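The primary structure of each chain is shown beneath.
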Amino acid sequence: MSSSTTVRTARRRTLRVAAAALTAAAALALTACSDSDAAGTKPAGQSDTGMAAAESSGTGSSTKAQGSEAPPSPGAKADAKPGAAGKQSGSGHAADGGKAASAVRTQRLADGISTAEITKLGDQHYRAKIVARGSVLATLETKGHDDGLDANDMFVTLTLDGQVHSWMGGGHQGPGTFKLAGGWTAKVTKVGELRYRAQIIGHDGVAATLETNQHDVGLDANGSYIVLSSGGVISAHE
């Protein structure tokens, strides 16, 4: 073989080796790109999955929050706070020391026309409105003492326990000393304009004293009911 033939053969072998090397390099490059794409796709998939989970979790939270703001079901209590009811029960109390007034009861009086509308305001505290033909003629009220009224010769007493007693006539015009029902004696004196005083005298002396000050007064004297008017008229009934 000639030297030129040997050179050409060596060049062909070199080209073949170079071509094989280029082919191998290309294959490695493709493999590397493929692996890189696969690796990039997997984290992206994980990221998408995480986002989907986060969105799912966020949706659940949003639904729960909206549910907490929904109107309460019938019978449920909304915005219940300690002491609210206590505050809501305090706003419904009457003015007399925070005690609620009892229901009104009505009693017909001795003249057959008038009635007494009696309300309990507290312990030993009662009010009686004297009503005739729809109009309130007078008001009696006990607050530590009995009360009384001379209503045109009809006498009315309201006692500390809320009892109303009425009778017609039997009045004595003072000043003077008068025998009363129940064995009592009344000594009536005038002490000022529309102001009279009556000493209620029993077997043991003066048992009580009534005094008007432009207002009639009354007394329960052991079951005898006594009225002294601001005009000095006194009457009693058992």
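Source: prediction; values computed, not measured.

Student: Honestly, the environment of Gly-112 in this entry has me stumped. Any pointers?
Tutor: Of note, Gly-112 is situated in the loop between strand 1 (105-108) and strand 2 (115-122). When its relative accessible area of 44% is taken as the criterion, Gly-112 is described as partly exposed.

Student: What am I meant to see in the sheet that holds strand 11 (residues 195-202) here?
Tutor: Within a sheet, each strand pairs with its neighbour through backbone hydrogen bonds, oriented either parallel or antiparallel. Strand order in this open sheet of four strands is 9-10-11-12, and the pairing throughout is antiparallel. Each having just a single partner strand, strand 9 (176-179) and strand 12 (205-211) make up the two edges of the open sheet. Averaged over all pairs of adjacent strands, the angle between strand axes in this sheet comes to 25 degrees, irrespective of strand direction.

Student: I'm lost on the confidence of the model for the protein in this one. Help?
Tutor: Should pLDDT be low for a region, the predicted coordinates there are not to be read in detail. On average, the protein scores 73 in pLDDT, and the residues at 70 or more come to 57%. Of the regions scoring below 50 in pLDDT, residues 24-34 engages in zero contacts with residues more than four places distant in sequence or in other chains. In the model, residues 36-98 has pLDDT below 50 throughout and makes eight contacts with residues more than four positions away in sequence or in other chains.

Student: In this structure, what is going on with the pattern of salt bridges? I would like to understand it.
Tutor: Between side chains of opposite charge, a pair can form as their charged atoms come close. Counted according to the given criterion, the structure contains three salt bridges. Between Glu-141 and Arg-127 there is a salt bridge whose closest N-O contact spans 3.4 Å. In this pair, Glu-141 sits in strand 4 (residues 135-143) while Arg-127 sits in strand 3 (residues 125-132), placing the two residues 14 residues apart along the sequence. A relative accessible area of 30% means that Arg-127 is categorised as partly exposed. Across the pair Glu-211 and Arg-195 runs a salt bridge, and its minimum N-O distance is 2.8 Å. Of the two residues, Glu-211 sits in strand 12 while Arg-195 sits in strand 11, which places them 16 residues apart along the sequence. For Glu-211, a relative accessible area of 29% corresponds to the partly exposed category. Taking relative accessible area as the criterion, Arg-195 reaches 34% and is therefore assigned partly exposed.

Parameters and conventions
Residues numbered from 1 in each chain as written. Predicted model: local features only at pLDDT ≥ 70, side-chain atom pairs only at ≥ 80, totals over all residues. Heavy atoms only, no water. Helix = DSSP H or I, 4+ residues; strand = E, 2+ residues; numbered from the N terminus. Buried < 20%, exposed > 50% of the residue type's maximum accessible area, 1.4 Å probe, protein only. Pairing = 2+ DSSP bridges. Axes fitted to C-alpha atoms, helices over the stretch in contact; angles between N-to-C directions. pLDDT = per-residue confidence, 0-100. Contact = heavy atoms within 4.5 Å. Salt bridge = Lys/Arg side-chain N within 4 Å of Asp/Glu carboxyl O.

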